[in-house]
Structures are given as C-alpha cells and as structure tokens.
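Here's the letter readout for the chains.
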Amino acid sequence: MRKITAGLFISLDGVVEDPQNWHFPYFNEEMGQAVDGQLGAADTLLLGRKTYEGFAEAWPGREEAGGEDAEFAKKLGDARKIVVTHQDLELPWRNSEVLRGDLVEAVTALKNEPSTSDIGMSGSVSVVRQLLEAGVLDELHLLVHPIAVRKGLRLFEDADTPLPLKLLSSTTFKTGVVHLVYTKDEEPPTGDYETAKESLPQSDA
C-alpha cells in the first residue's frame with residue numbers, strides 16, 4: 001500500500017494560514033530538501049481546492065520562467081494532481097483531476113493503487129484534518145517555525161476528544177525550525193497523576 005504524507009508550515013502557536021507572510025525568513029537548504037523529499041518525490045498530489053488554485057496560479061509560471069525553482073515546479077506539474085472539492089472547477093494545470101466519491105474511501109483506493117511512490121499533500125488543512133482523524137494519513141510533516149504568528153487559522157480545531165499522535169522523527173534546522181513527523185497513535189499511552197509521580201526525583205533521605 002502507498003503511503004500518504006502531508007506537509008505543513010506551522011508556527012509555534014499552531015497557525016498554518018498564509019505562511020508566505022512569515023515563513024520565508026526561515027527557508028534554507030535544509031527546509032528545501034525536506035519539502036522536496038516529502039512533496040517533490042511524490043508522483044501523485046492530493047490537494048484541497050484552495051491549495052490547488054494557489055498552486056495552479058503560481059507554479060506553471062515559475063516552471064515556464066526557468067528560474068531556480070523551475071525544476072521543482074516541473075516536478076509538481078508532471079505529478080498527477082487530484083483535487084478535493086465539491087465545486088465545479090476549471091483545472092488549467094496539466095495532469096489534474098477531481099476526486100470522486102467519499103473522501104476516505106477514495107483516498108484509501110488511491111493508496112491501494114500499484115505504485116512505489118508516495119501520495120503527497122501540502123497545505124489543504126481541512127483535508128489533512130479529516131484524513132488524520134480517520135487514520136488514513138500515514139505521515140504528518142510539521143515544519144515548526146520559531147515564531148508566534150498570533151492570528152490566523154490553526155491546524156487543530158476545538159473538539160470534544162483529544163487526538164493522540166506518535167512522533168516518528170525529529171530534525172532541528174540551523175534556522176531553529178524543527179521538522180517533526182507524526183502519525184496517528186492508535187495505542188496512546190495511559191496514566192494519571194498517581195503513575196506520573198512515580199517518575200519524580202526521589203530523595204535518598
């Protein structure tokens with residue numbers, strides 16, 4: 001089964017909205033490699049409508065311009081792009097199509113397609129939330145920036161129950177950005193204060 005991975009730029013206070021307004025000062029070669037490894041290496045991209053429209057407006061022109069980001073832009077252009085939307089959309093970017101049917105069922109079917117490449121996601125917060133909750137998202141890549149944005153959409157909404165996650169890896173960049181990779185924890189730890197206090201330092205006296 002193919003893996004599906006999602007990448008998000010996120011602030012210390014959990015904001016994921018409009019990262020172009022605050023994350024570029026922290027973008028370095030380490031982050032570029034992380035983004036390319038998660039998104040650029042995928043042969044299929046799963047994108048929400050807003051993310052798709054933003055990408056389709058920006059990346060084809062960057063590919064055509066032939067600048068330093070043209071190679072990455074071509075990777076995105078060549079990938080199969082599947083858009084999650086309930087609206088009738090024009091899909092001007094090559095290799096684009098609309099996801100049909102129930103989200104979780106359709107994504108599960110995508111994961112079962114024969115391929116050795118991951119399915120990559122970027123942004124698309126509402127889709128990420130649904131797939132993570134359903135246990136369909138295999139890896140959540142959070143590039144945590146050392147800044148409190150203090151306004152804007154946050155990754156996690158208020159809910160009646162917590163969502164336990166398991167840390168798969170952690171890498172600290174020179175800029176102070178921390179690349180954290182999580183998956184949903186299907187067997188979260190349990191305990192209360194009575195068990196926690198056993199880990200407190202004990203006096204020898």
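Quick look at the structure, then. As the structure is a prediction and not an experimental result, all values here were calculated from the model.

## So, the packing of aromatic side chains
Moving on, step 1. In this structure the tally under the stated criterion is three aromatic pairs.
Moving on, step 2. Ring geometry for Y52 against W93: centres 6.1 Å apart, planes inclined by 45°, an arrangement best described as tilted. Highlighted residues: Y52 in helix α2 (residues 49-65) and W93 in the loop between β3 (80-84) and β4 (96-98), separated in sequence by 41 residues.
Moving on, step 3. A ring pair is formed by W59 and F72, whose centres lie 5.4 Å apart and whose planes are at 65°; its orientation type is edge-to-face. Of this pair, W59 sits in helix α2 while F72 sits in helix α3 (residues 70-78), and the two are 13 residues apart along the sequence.
Moving on, step 4. A network of ring pairs unites the aromatic residues F55, W59 and F72 as a single cluster.
Moving on, step 5. Here the guanidinium or amino end of R62 rests over the ring plane of W59, the centre of that ring lying 4.6 Å away.

## With respect to the pairing of strand β8 (residues 178-184)
Moving on, step 1. Burial within β8 is extensive, with five of its seven residues counted as buried.
Moving on, step 2. Of the pairings in the sheet, the one linking strand β6 (residues 139-145) to β8 comprises five bridges and is antiparallel in character. Residue pairing in the sheet places H141 in a bridge with V181 of β8.
Moving on, step 3. Here strand β7 (residues 165-172) pairs with β8 via seven bridges, running antiparallel. Its bridge partner lying in β8, K166 is registered against T183.
Moving on, step 4. Taken together, β7 and the strand that follows it, β8, pair antiparallel across an intervening segment of five residues, in which G176 is found at a positive phi of about 95°.

Rules behind the numbers
Residues numbered from 1 in each chain as written. Predicted model: local features only at pLDDT ≥ 70, side-chain atom pairs only at ≥ 80, totals over all residues. Heavy atoms only, no water. Phe/Tyr/Trp six-rings, centres within 6.5 Å; stacked < 30°, edge-to-face > 60°. Helix = DSSP H or I, 4+ residues; strand = E, 2+ residues; numbered from the N terminus. Lys NZ or Arg CZ within 6 Å of the ring centre and 35° of its normal. Buried < 20%, exposed > 50% of the residue type's maximum accessible area, 1.4 Å probe, protein only. Pairing = 2+ DSSP bridges.

All we've got here are geometric facts, nothing functional implied.
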